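Survey of secondary and tertiary structure
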Amino acid sequence: MARKKVNLQWITNSSTRRATYKKRCKGIMKKTSELVTLCGIKACVVVYGEGEARPEVWPSASEARQVLKRFKDMPELGKFKKVQNQRDFLQGRITKLRDQVCKLDRENCEIETRDLLYESMEGRRPGLDGTTIEELTSLNSLVEMKMERARELLQRLLVGQPGRTLPNQPAMLSSQPQASCTYHEIQAGSAELEELHSLEQEWLTNLVPNEGEFEAMVN
């Protein structure tokens, strides 16, 4: 059973806060002991409890002093090499969250454009009525990307096939390595390319029937 996620905020109830402190303090000292045993390192834990005059120290006060003295004797560059203040930490979090938001925006835009493509292909959006310039631009980019992928697929399938070339493409050199493919694969790739090409021409015709309507839509 998965552990319940803890809400990291100050505990207002005094008794609950003291119980949590004792439990967590004991746990962090146990984890530190395991780390020292497993990795053979030097470590110490110093915890000042709420309202307590003396701190809780692990493993002992003398060993903790030795570890802290070794840390204080380090040069400043090595001591604070990986230390972050609150401002740097928050700035890093903000940058990471912004990148995530931009990624989600791109994914949402791709999904909306793909839905628009399917609606047009199924006839639910005749003539792309009610489509904005931004949507048309994204749709055009998506169609061009799919056509380019289809061309690349056909290019790979037609390598080494005598007498078979793509439209408006130079003939393949016979010296190129042969690719294993079947006639049905070539037919499928050709059909996909022709369908995309005809669909693009149909969209352009329905979208811009005359120059006047295009200028009115842009304005």
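The following refers to the structure shown. (Residues numbered from 1 in each chain as written. Predicted model: local features only at pLDDT ≥ 70, side-chain atom pairs only at ≥ 80, totals over all residues. Heavy atoms only, no water.)

Counting secondary structure elements, the protein contains 7 helices and 2 strands. Starting at the N terminus and walking to the C terminus, you meet the elements of the protein as α-β-β-α-α-α-α-α-α. When burial is assessed residue by residue, the protein has 16% of its 219 residues classed as buried. Here the analysis covers contacts within the protein between residues at least 6 apart in sequence; of these, 48% occur between residues at least 24 apart. Summing over all exposed atoms, the protein offers an accessible surface of approximately 18,100 Å²; the carbon and sulfur share of this is 54%. (Helix = DSSP H or I, 4+ residues; strand = E, 2+ residues; numbered from the N terminus. Buried < 20%, exposed > 50% of the residue type's maximum accessible area, 1.4 Å probe, protein only. Contact = heavy atoms within 4.5 Å. Areas by Shrake-Rupley, 256 points an atom, 1.4 Å probe, with all protein chains shown as cover.)

The next point concerns the nonpolar core. Leu 116, Leu 117, Leu 128, Leu 136, Leu 139, Leu 142, Val 143 and Met 147 together form the largest nonpolar core, which totals 8 residues. Elements represented by at least two residues in this core include exactly helix H4 (86-121) and helix H5 (133-157). Among the elements that line this core, the one with the most residues is H5, at 5 residues. By size, the runner-up hydrophobic cluster in this structure holds 5 residues, among which are Met 29, Val 45, Val 47 and Trp 58. (Core = buried A, V, L, I, M, F, W, Y, C linked by side-chain atoms within 4.5 Å.)

Under the defined criterion, the tally for this structure stands at 4 salt bridges. One salt bridge connects Arg 124 with Glu 122, and the closest N-O pair in it is separated by 2.9 Å. As far as burial versus exposure is concerned, Arg 124 and Glu 122 are alike and both exposed. The shortest N-O distance in the salt bridge between Glu 148 and Arg 151 comes to 3.8 Å. Of this pair, Glu 148 and Arg 151 both sit in helix H5, 3 residues apart, which is roughly one turn of the helix. A relative accessible area of 40% places Glu 148 in the partly exposed class. Its relative accessible area of 32% is what places Arg 151 among the partly exposed residues. (Salt bridge = Lys/Arg side-chain N within 4 Å of Asp/Glu carboxyl O.)

What follows concerns unusual backbone geometry. Backbone torsion omega between Trp 58 and Pro 59 reads 0°, so that peptide bond is classified as cis. The topology assignment puts Pro 59 in the loop between strand E2 (56-58) and helix H2 (61-72).

Another aspect to go through is the side chain of Arg 17. As for its placement among the helices and strands, Arg 17 is situated in helix H1 (residues 14-39). A polar atom in the side chain of Arg 17 sits 3.3 Å from the backbone oxygen of Thr 12. When sequence neighbours within four positions are dropped, the list of residues in contact with Arg 17 reads Trp 10, Ile 11, Thr 12 and Glu 50. (Polar contact = N/O pair within 3.5 Å; in protein donor to acceptor, adjacent residues only side chain to side chain.)

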